[in-house]
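# Reading the structure
Residue strings, one per chain:
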Amino acid sequence: APFENRHYTMIASMTAFSRQQSHHTWGSLILEIRSVNHRYLDLTFKLPEPLRGLEMLWREEIKKQLGRGKVECQLRFQVQAQQQSELAIDQILLDQVISAATRLQQSLGSDTAINPLELLRWPGVLGESEVTNDEIPHEATRLLKNSLSMLLEARHREGAKLVDVIDERISRIENIVVDTRSKLPTILGQQRTRLLARLKELKVEE
């Protein structure tokens, strides 16, 4: 039989999803990884600004585990209320803005008081201090490794399902081939009979 003794290498689906989260005194981390089929390895990261520095490390880690696929990593960092970073003011930039606003008032001849809230809305004047807890990036990378393991398991599970689908379709084809072979003598006989009848008709027409 043409399909006997068929073997498959390990099949892994490209479509999978993994979600990991952890909670600590300093806050919570939630990591989601989505993977879909793609010819090459295409990585996209959505990381909170304080943890953007993890991207290069994560790229290397993912390349070790995944050969291909379009992969999106999204990390959310929620700080505990009591651990919220204090607001940080860029004093140098603030002084420059105040100076510019003062000169503009003098130029326009206006004596309107400068609104402090408007000054704080100026881009870059107000921000948050950076995350300084070294445990946070380490914990985020631990979540990444766990998520990659789960993602690979999900890929292999989906791959096993694909193997079952392929096996079922091949079995159907095998049954069709066997059935067709058993009917082949009858089919050939019917075709021969029709052909001979047609030849007789042609002779009569001559």
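Remember, it's a predicted structure, so these values are computed and weren't measured experimentally. (Residues numbered from 1 in each chain as written. Predicted model: local features only at pLDDT ≥ 70, side-chain atom pairs only at ≥ 80, totals over all residues. Heavy atoms only, no water.)

This part is about the side chain of Ser 28. As for its placement among the helices and strands, Ser 28 is situated in strand 2 (residues 27–36). A residue is classified by how much of its surface remains accessible, and Ser 28, at 10% relative accessible area, is buried. A distance of 2.7 Å separates the side chain of Ser 28 from the side chain of His 23, its partner in a polar contact. In this structure, Ser 28 is in contact with Ser 22, His 23, Arg 76, Phe 77 and Gln 78, ignoring residues within four places of it in sequence. (Helix = DSSP H or I, 4+ residues; strand = E, 2+ residues; numbered from the N terminus. Buried < 20%, exposed > 50% of the residue type's maximum accessible area, 1.4 Å probe, protein only. Polar contact = N/O pair within 3.5 Å; in protein donor to acceptor, adjacent residues only side chain to side chain. Contact = heavy atoms within 4.5 Å.)

On to the sheet that holds strand 1 (residues 16–24). Taken in spatial order, the four strands of this open sheet run 1-2-4-3, and their pairing is mixed. Each of the sheet's edge strands pairs with one partner strand only, and the pair in question is strand 1 and strand 3 (41–46). Averaged over all adjacent pairs, the angle separating strand axes in this sheet is 10°, with direction ignored. Bridge count between strand 1 and strand 2: nine bridges; the pairing is antiparallel. Along strand 2, the bridge assignment pairs Gln 20 with Leu 31. (Pairing = 2+ DSSP bridges. Axes fitted to C-alpha atoms, helices over the stretch in contact; angles between N-to-C directions.)

What follows deals with the pairing of strand 2. Here strand 2 lies mainly inside the structure; eight of its ten residues are buried. Pairing of strand 2 with strand 4 (residues 69–79) involves ten bridges; the strand directions are antiparallel. Bridge assignment links Leu 29 to a residue of strand 4, and that residue is Phe 77.

A few words on the pattern of salt bridges. It is possible for side chains bearing opposite charge to pair when their charged atoms get close. What the rule picks out here adds up to eight salt bridges. Measuring nitrogen to oxygen at the nearest pair gives 3.3 Å for the salt bridge that ties Arg 34 to Glu 32. The partly exposed category is assigned to Arg 34, whose relative accessible area is 38%. The exposure class of Glu 32 is buried, given its relative accessible area of 10%. With its nearest N and O atoms 2.9 Å apart, the salt bridge here joins Asp 42 to Lys 70. Here Asp 42, found in strand 3, pairs with Lys 70, found in strand 4; they are 28 residues apart in sequence, far enough to count as distant. Look at Asp 42 and you get partly exposed, because its relative accessible area is 25%. (Salt bridge = Lys/Arg side-chain N within 4 Å of Asp/Glu carboxyl O.)

Before going further, it helps to spend a moment on helix 2 (residues 91–108). With 18 residues, helix 2 should reach 26 Å at 1.5 Å per residue; the first-to-last C-alpha distance of 26 Å fits that figure. Downstream of helix 2 by one or two residues, Gly 109 has phi in the positive range, about 70°. (Expected span 1.5 Å × (residues − 1).)

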